Amino acid sequence: MSITLSSILPRPTHKPPFPRTDAPIASTTEKQSAVTAYSSTIPPYGQRESWVPRLPTDFGDGGAFPECHVAQYPLGMGDKKPSSSNAIALQLDHEGKPKYDLIARLGHSSDRIVHSKFTDTLEKTLEDDDLQKPDDDAVLETTEKTRLALEKITSEKIAAAMPAKCAERTGPAQYIRYTPSQQGAAYNSGAKQRIIRMVEVQRDPMEPPRFKTNKKIPRGPPSPPAPVLHSPSRKVTAKEQSAWKIPPCISNWKNSKGFTIPLDKRLAADGRGLQSVHINENFAKLAESLYIADRKAREAVEMRAQLERKVASRKNEKRKI
């Protein structure tokens, strides 16, 4: 005598939502045919108490079934999908090279201009058509659009400043013809088509504001800055390193901490070595003129002394005679 698990366990008290069979596991082809048969047979309205829509084909082109109290996602609406990856699909340009500028455009809006190629840094040659002024039709069209936009802004501000607001005019009614995909007496109350009249709801002008607009909220983070093109990195030479060594600022008057500062560092901080000494040519002219004047003065003094010596010698000769 064989004992099974179903004979030991008590009988279930609740009805299953869909009929179960104790048939053996069917093959893949049999499963597909069973699913097709299951999806194609939807019970009519009023007989869906034990029926649960499970496949997208159960909904057709319509919405959820309100008489079935289970979670339903017609056409996948409201279904929480797994988070998508931030990986970027590989794209190639017209030369067959991968577009690496897509990484730079990640996180920016579509109207943000991002310069990420070398060709963006080159000078653009403008033609006569680019520099040509717009014609009269384009000017009139732009003027009309600007006038309408300004009128809309001013009319809204004037209406907001008025103490009593008038009821806004609602738009005209729209009629939509709807043809359901499921035809038959059990669907759509037997009607083949329905005409839907869509009317905008009249808003009460005396209704208080629904939302608080004067509440200050912190600003969101700004958009990331556009990438800047840099030249490829290269190794820094010893000469460039020594050129980038900037001496610290040293005062010639204050040394509160009492540091011993060598003279070469003090002179380097003073900036005297960076100044090029330039002597004016007038200094040479002045030195030469002074030298000539000194030489002429010496010659004059020597001549005066010789004359005095000659006069003295003549006086001595006269005295001796």
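Source: prediction; values computed, not measured. (Residues numbered from 1 in each chain as written. Predicted model: local features only at pLDDT ≥ 70, side-chain atom pairs only at ≥ 80, totals over all residues. Heavy atoms only, no water.)

Participant: For this particular structure, what's the right way to read the overall build of the chain?
Facilitator: Of the regular secondary structure elements, the chain holds eight helices and two strands. Counting the 321 residues in the chain, one finds 6% classified as buried. If you take every contact in the chain between residues at least 6 apart in sequence, the share linking residues at least 24 apart comes to 32%. As presented, the chain carries roughly 31300 Å² of accessible surface, and 58% of it is formed by carbon and sulfur atoms. (Helix = DSSP H or I, 4+ residues; strand = E, 2+ residues; numbered from the N terminus. Buried < 20%, exposed > 50% of the residue type's maximum accessible area, 1.4 Å probe, protein only. Contact = heavy atoms within 4.5 Å. Areas by Shrake-Rupley, 256 points an atom, 1.4 Å probe, with all protein chains shown as cover.)

Participant: For this particular structure, what's the right way to read the packing of aromatic side chains?
Facilitator: Two descriptors summarise a pair of aromatic rings, namely the distance from one centre to the other and the angle between the planes of the rings. Tallied over the full model, the rule gives two aromatic pairs. Ring centres 5.2 Å apart and planes at 85 degrees place the aromatic pair tryptophan 51 and phenylalanine 65 in the edge-to-face group. Of the two residues, tryptophan 51 is situated in the loop between α2 (28-40) and α3 (56-59) and phenylalanine 65 in the loop between α3 and α4 (101-105); the sequence distance between them amounts to 14 residues. Here the two residues tryptophan 51 and phenylalanine 65 agree in accessibility, since each one is buried. (Phe/Tyr/Trp six-rings, centres within 6.5 Å; stacked < 30°, edge-to-face > 60°.)

Participant: Help me understand the nonpolar core in this model?
Facilitator: The tendency in soluble globular proteins is for nonpolar side chains to be buried side by side. Core analysis: the biggest nonpolar cluster contains five residues, these being Ile42, Trp51, Phe59, Phe65 and Cys68. Not counting the four nearest positions on each side in its chain, phenylalanine 65 is found in contact with Arg48, Trp51, Pro53, Asp58, Phe59 and Gln72. (Core = buried A, V, L, I, M, F, W, Y, C linked by side-chain atoms within 4.5 Å.)

Participant: Explain the pattern of salt bridges to me, please; I cannot follow it from the model alone.
Facilitator: Pairing between side chains of opposite charge can happen when the charged atoms of each approach one another. Enumeration over the complete set of coordinates arrives at seven salt bridges. Its salt-bridge partner being lysine 97, residue glutamate 95 comes within 3.8 Å of it at the nearest N-O pair. Residue classification places glutamate 95 among the exposed residues on the basis of a relative accessible area of 53%. Taking the shortest distance from any N to any O, the salt bridge between glutamate 141 and lysine 145 comes out at 3.7 Å. Separated by four residues within a single helix, glutamate 141 and lysine 145 lie in helix α5 (residues 136-161), roughly one turn from each other. Judged by relative accessible area, glutamate 141 falls into the partly exposed class, the value being 47%. What makes lysine 145 exposed here is its relative accessible area of 55%. One salt-bridge network, in which partners are shared between bridges, spans Glu144, Arg147 and Glu151. (Salt bridge = Lys/Arg side-chain N within 4 Å of Asp/Glu carboxyl O.)

Participant: Is there a simple way to explain a nonpolar patch on the surface in this structure?
Facilitator: On the surface, Ile88, Tyr100, Ile103 and Leu106 cluster together to form a nonpolar patch covering roughly 450 Å² of accessible area. Take isoleucine 88: it is sitting in the loop between α3 and α4. Isoleucine 88 gets classed as partly exposed once you look at its relative accessible area, which sits at 39%. (Patch = residues over 30% accessible without salt bridge, like charges linked within 9 Å, V, L, I, M, F, W, Y side chains within 5 Å.)

Participant: I'm lost on a positive patch on the surface in this one. Help?
Facilitator: Side chains of Lys310, Arg314, Lys315, Lys318 and Arg319 sit close together on the surface and give a patch of like positive charge. Considering the arrangement of structural elements, one finds lysine 318 in helix α8 (residues 281-320). Here lysine 318 falls in the exposed class, since its relative accessible area comes to 67%. (Lys, Arg positive; Asp, Glu negative; His and termini not counted. Charge placed at Lys NZ, Arg CZ, Asp CG, Glu CD.)

Participant: Can you help me understand the confidence of the model for the chain in this one?
Facilitator: Low-confidence regions, as indicated by low pLDDT, have predicted coordinates that should not be scrutinised in detail. In this model, the chain carries a mean pLDDT of 81, and residues with pLDDT of at least 70 account for 88%. Mean pLDDT across the elements of the chain bottoms out in α2 (47) and peaks in α8 (94). This stretch, residues 33-40, has a pLDDT under 50; its non-local contacts, to residues over four places away or in other chains, come to eight contacts. (pLDDT = per-residue confidence, 0-100.)

Participant: Please clarify how the environment of asparagine 86 should be interpreted in this entry.
Facilitator: Mapped onto the fold, asparagine 86 is located in the loop between α3 and α4. For the pair asparagine 86 and leucine 106, spaced 20 residues apart in sequence, the C-alpha separation works out to 9.4 Å.

Participant: I'm lost on the environment of alanine 268 in this one. Help?
Facilitator: Inspection of the secondary structure assignment puts alanine 268 in helix α7 (residues 263-270). With 19 residues separating them in the primary sequence, alanine 268 and cysteine 249 have C-alpha atoms 9.7 Å apart.

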